[in-house]
Amino acid sequence: MVKKTILITQARLGSTRLPKKVLLEISNKTLLQIHIDRIKQAKQIDKIFVATTKNTEDKKIIQLSKKLNVNYYCGSENDVLDRYYQAASNENPYFVVRVTSDCPLVDPKLIDEIVSCAKEKDYDYYSNTLEELYPDGQDIEVFKFSALKQAWINASLKSDREHVTSFIKKNSSFYNKNMFTSSNHYPDKNYNNVRLTVDEKEDFIVIKKIISHLGFEENWKTYVNLYLKNNHINNLNNKIIRNEGYINSVKNEKNRSTSLQ
């Protein structure tokens with residue numbers, strides 16, 4: 001059986017901490033283009049969608065999606081679960097991959113690795129986010145369309161509608177529930193002190209400096225090694241990590257902001 005796999009990335013211009021961040025440019029490429037260009041290299045993905053909103057300002061996302069020759073869907077700003085379901089429903093895929101557009105350096109080989117594991121074990125949900133040991137900015141979730149449909153039908157809490165996969169995760173075997181089978185993808189060690197995402201202005205500067213050193217085509221570990229070894233770079237945004245309460249407060253906020261992208 002061919003397990004059709006589509007990838008949906010969220011993008012909107014209404015982010016609060018760094019407005020219109022996906023349109024910021026590095027070497028004449030927007031962050032969204034860098035993100036999409038890297039995703040296109042993944043071999044396990046059959047089709048790419050950009051899921052944006054019906055807001056007038058997000059027409060720029062549509063224009064850029066057309067320019068990059070990827071599919072797009074415009075849906076609810078707040079019910080992101082519905083946006084995902086509607087984007088995927090006409091494709092009737094077996095698996096859906098979720099990434100977010102504030103992760104410009106997401107690794108296509110890591111996408112393939114995680115998708116391959118999900119296919120091999122036939123998990124309802126498989127990701128590297130159940131335990132957050134990968135760098136922030138390499139978050140990849142894979143779930144069956146059937147699981148997405150169940151969540152779409154049954155999720156009633158506002159938080160479960162805003163956060164695409166929270167209903168699936170909290171009702172999965174990873175948390176000793178039996179609605180969905182799930183497991184986590186682990187790195188060789190803990191990298192959760194590395195920020196390769198773009199939430200703040202400092203994050204954008206970090207990504208810009210990393211790309212100026214290494215270009216657009218490296219794997220995630222090469223980017224991480226530069227980040228860890230170059231204090232001039234990591235000092236730019238590691239204060240965000242050190243801030244008291246960051247891990248809980250910002251990640252909770254990011255769950256909301258990325259789910260509303």
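The rules we used
- Residues numbered from 1 in each chain as written.
- Predicted model: local features only at pLDDT ≥ 70, side-chain atom pairs only at ≥ 80, totals over all residues.
- Heavy atoms only, no water.
- Pairing = 2+ DSSP bridges.
- Helix = DSSP H or I, 4+ residues; strand = E, 2+ residues; numbered from the N terminus.
- Right-handed = clockwise from strand over helix to strand, strands pointing away.
- Axes fitted to C-alpha atoms, helices over the stretch in contact; angles between N-to-C directions.
- Parallel < 35°, antiparallel > 145°, perpendicular 65-115°, else oblique.
- Left-handed = near helix turned anticlockwise from the far one by under 90°.
- Contact = heavy atoms within 4.5 Å.
- Nonpolar A, V, L, I, M, F, W, Y, C, P; charged D, E, K, R; others polar.
- Buried < 20%, exposed > 50% of the residue type's maximum accessible area, 1.4 Å probe, protein only.

Things to note about the pairing of strand β5 (residues 71-75)
Look at any regular strand and the pattern is simple: side chains alternate between the two faces of the sheet.
1) Next: Examined bridge by bridge, strand β4 (residues 47-53) and β5 share 5 bridges and lie parallel to one another. The residue of β5 that forms the bridge with Phe49 is Asn71.
2) Next: One crossover worth recording links β4 to the parallel β5 by way of helix α2 (residues 59-67), and it is right-handed.

Some thoughts on the packing of helix α3 (residues 80-89) against helix α5 (residues 145-154)
1) Next: Between α3 and α5, whose axes approach to 10 Å, the crossing angle comes to 135°. Relative to α5, the element α3 is oriented oblique. In the crossing of α3 with α5, the sense of the turn from one axis to the other is left-handed. Side by side, α3 and α5 meet where Leu81, Asp82, Tyr84, Tyr85, Gln86, Ala88 and Ser89 of the first sit next to Phe145, Leu148, Lys149, Ala151 and Trp152 of the second.
2) Next: When grouped by side-chain class, the residues that make up the contact of α3 with α5 number 8 nonpolar, 2 polar and 2 charged.

With respect to unusual backbone geometry
1) Next: Located in the positive-phi region is Asn69, a residue other than glycine, with phi close to 60°.
2) Next: Tracing the sequence through the fold places Asn69 in the loop between α2 and β5.
3) Next: Classification of Asn69 by relative accessible area gives exposed; the value is 68%.
4) Next: The residue Asn92 is not glycine, and still its phi comes out positive at about 45°.

Some thoughts on the packing of helix α8 (residues 201-214) against helix α9 (residues 220-229)
Angle between the axes and distance between the axes are the two parameters that describe a pair of packed helices.
1) Next: Where α8 meets α9, the axes come as close as 11 Å, and the angle between the chain directions of the two elements is 110°. In terms of their interaxial angle, α8 and α9 are classed as roughly perpendicular. In this structure, the crossing between α8 and α9 has a hand that is right-handed. Residues Val206, Ile210, His213 and Leu214 of α8 lie in contact with α9, whose contacting residues are Thr222, Tyr223, Leu226 and Tyr227.

Some remarks on the sheet that holds β5
1) Next: Sheet architecture is open: 7 strands sit in the order β5-β4-β1-β6-β8-β7-β9, paired in mixed fashion. In this open sheet, the two edge strands, each paired with only one partner strand, are β5 and β9 (182-184). In this sheet, adjacent strand axes meet at a mean angle of 20° when their direction is disregarded.
2) Next: The sheet contact formed by strand β1 (residues 5-10) and strand β6 (residues 95-100) spans 6 bridges and is parallel. Each bridged residue has a counterpart across the sheet, and for Ile6 the counterpart in β6 is Val96.

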